[in-house]
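Take a look at the letters that make up each chain.
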Amino acid sequence: MVAQQQPTDKSSRSGDVDGGADHVAAVNGHKTSMDLNLVPIEKTASSNSNSSIKPHQPQKPLTITDLCPAPMHGSHLRVAYQGVPGAYSEAAAGKAYPNCEAIPCDQFEVAFQAVELWIADRAVLPVENSLGGSIHRNYDLLLRHRLHIVGEVQLPVHHCLLALPGVRKEYINRVISHPQALAQCELTLTKLGLQAAREAVDDTAGAAEYIAANNLRDTAAIASARAAELYGMQVLADGIQDDSSNVTRFVMLAREPIIPRTDRPFKTSIVFAHDKGTSVLFKVLSAFAFRNISLTKIESRPHRNRPIRLVDDGNVGTAKHFEYMFYIDFEASMAEVRAQNALAEVQEFTSFLRVLGSYPMDMTPWCPSRGEDDDDDEKNPF
């Protein structure tokens, strides 16, 4: 609003700031006799040395950085993971977001809630392993929570057999670790001649921490070399995984999705169900095959809210079938028309469809487990 003050009395003093009490103001070209009580412009200190009024400091305008989320390169990000320091999930969080603040959580559920409650900015959680298969718990949690997959990272897993300093293999009568770690090292443990009981715990690094905290000299742990350094343990055997190509795939979760792009390879994860059983699965798969979209994963999980479907037949009786949720990963970005058309067709066949995330694929070159390329007799005699 632009206001010009026009004094009605020629004898009005030209030095008046407000033009008198009975002035006529013109607002946007329209005259009015209404007193607008306009605030006079303050004089600066340079124009009036006797004035004690400080010059008005304009407010700094907002910039695009004020509106953007935390930097994607990982600095200053709080990243939740399941386990204790030294866990493979912590290493995956560091690979996904370098220089981040890693926040350990005792359960997968806690990591999800840490992001939802703004305690953490991201969560990095495992979803599948090349030897042990899918981590079904996290697939169920992906459906229960409203977080979005914003990236993936693949981490080679290098297992070590750890014990307290001075303990020899002959003294070990128990080996503890995560269930998948125990399964991934079963053949090598047998070759080592360990007649020890296997006991499952929540995570690999937690097994090392438990042994160190309780001074258990008859127990060994399967964990990473970093866990040995953190908890003051020695490495009895290095690289004890049965398969050197042992890789775990992690996904990065956030409260908001990222904008899909087409300038780099993307992957999209969806989950769907149908109220008439699995008969539509072929139609769903054909929607991707027709558009030359490659599927990288398909996983079925029982429908938690409706696990059993009853089919009545007057001739043979009542049949009971499991109801399933289907998780699919495919190599395409939601910014591509072919992916949009494929999901539009899938939606016609399904009663429930949800996009878990469209995110960049992990294209980092394969890095073999440490010691894999070294001399077998020196580094990994097993």
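Preceding this paragraph is the structure being described.
Residues numbered from 1 in each chain as written. Predicted model: local features only at pLDDT ≥ 70, side-chain atom pairs only at ≥ 80, totals over all residues. Heavy atoms only, no water.

Trainee: Got a minute to help me understand the sheet that holds strand 12 (residues 219-223) in this structure?
Mentor: Sheet strands pair via backbone hydrogen bonds, and the direction of the pair is either parallel or antiparallel. The strand order across the open sheet formed by five strands is 11-10-12-9-13, and the pairing between neighbours is mixed. Strands at the two margins of the open sheet, each flanked by one partner only, are strand 11 (197-200) and strand 13 (234-238). Along the sheet, successive strands turn relative to each other by an average axial angle of 30°, direction set aside. Pairing of strand 10 (residues 174-177) with strand 11, which is carried by four bridges, proceeds in the parallel orientation. Residue V175 lies in a different strand from strand 11, and its bridge partner there is R198. Here helix 7 (residues 204-214) sits on the sheet in contact with strand 9 (160-163), strand 10 and strand 12, set at roughly 150° to strand 12. (Pairing = 2+ DSSP bridges. Helix = DSSP H or I, 4+ residues; strand = E, 2+ residues; numbered from the N terminus. Axes fitted to C-alpha atoms, helices over the stretch in contact; angles between N-to-C directions. Contact = heavy atoms within 4.5 Å.)

Trainee: Help me understand the sheet that holds strand 20 (residues 352-360), please; the structure alone is not making it clear to me.
Mentor: Strand order in the open sheet made by the four strands is 16-19-15-20, with antiparallel pairing throughout. Among the strands making up the open sheet, the edge pair consists of strand 16 (295-302) and strand 20. Across this sheet, the average inter-strand angle for adjacent strands is 15°, counted without regard to direction. The pairing of strand 15 (residues 266-273) with strand 19 (residues 324-330) spans five bridges and is antiparallel. When the bridges of strand 19 are listed, I270 appears paired with I328.

Trainee: Can you help me understand the packing of aromatic side chains in this one?
Mentor: When we look at a pair of aromatic rings, we describe it by the centre distance and by the angle of the planes. This model, assessed by the stated rule, comprises four aromatic pairs. Ring centres 5.5 Å apart and planes at 20° place the aromatic pair F272 and F326 in the stacked group. Taken as a pair, F272 in strand 15 and F326 in strand 19 lie far apart in primary sequence, 54 residues in all. Take F272 and F326: they sit in the same class, and that class is buried. Site record: aromatic cluster; members linked through ring pairs are F272, Y324 and F326. In this structure, R255 packs its charged tip against the face of W118, placed 3.6 Å from the ring centre. (Phe/Tyr/Trp six-rings, centres within 6.5 Å; stacked < 30°, edge-to-face > 60°. Buried < 20%, exposed > 50% of the residue type's maximum accessible area, 1.4 Å probe, protein only. Lys NZ or Arg CZ within 6 Å of the ring centre and 35° of its normal.)

Trainee: What is the right way to read empty space enclosed by the protein from this model?
Mentor: Rolling a probe over the atoms, with the probe sized like a water molecule, indicates the empty space that remains. Within this structure, the stated rule accounts for one cavity of 30 Å³ or more. When its volume is computed, the largest cavity comes out at roughly 50 Å³. When contributions to the lining of the largest cavity are tallied by element, the ones reaching two or more residues are helix 4 (136-144), strand 14 (247-254), strand 15, strand 19 and strand 20. Considering each element in turn, the lining of the largest cavity owes the most residues, three residues, to strand 19. Along the lines of polarity and charge, the residues of the lining of the largest cavity split into 10 nonpolar, one polar and two charged. (1 Å grid on protein atoms, 1.4 Å probe; cavity = no way out; pocket = protein on both sides within 12 Å on 5 of 7 lines; lining within 4 Å. Points joined across faces, edges and corners; volume = space filled by probe spheres on them. Nonpolar A, V, L, I, M, F, W, Y, C, P; charged D, E, K, R; others polar.)

In short, geometric facts, not functional conclusions.
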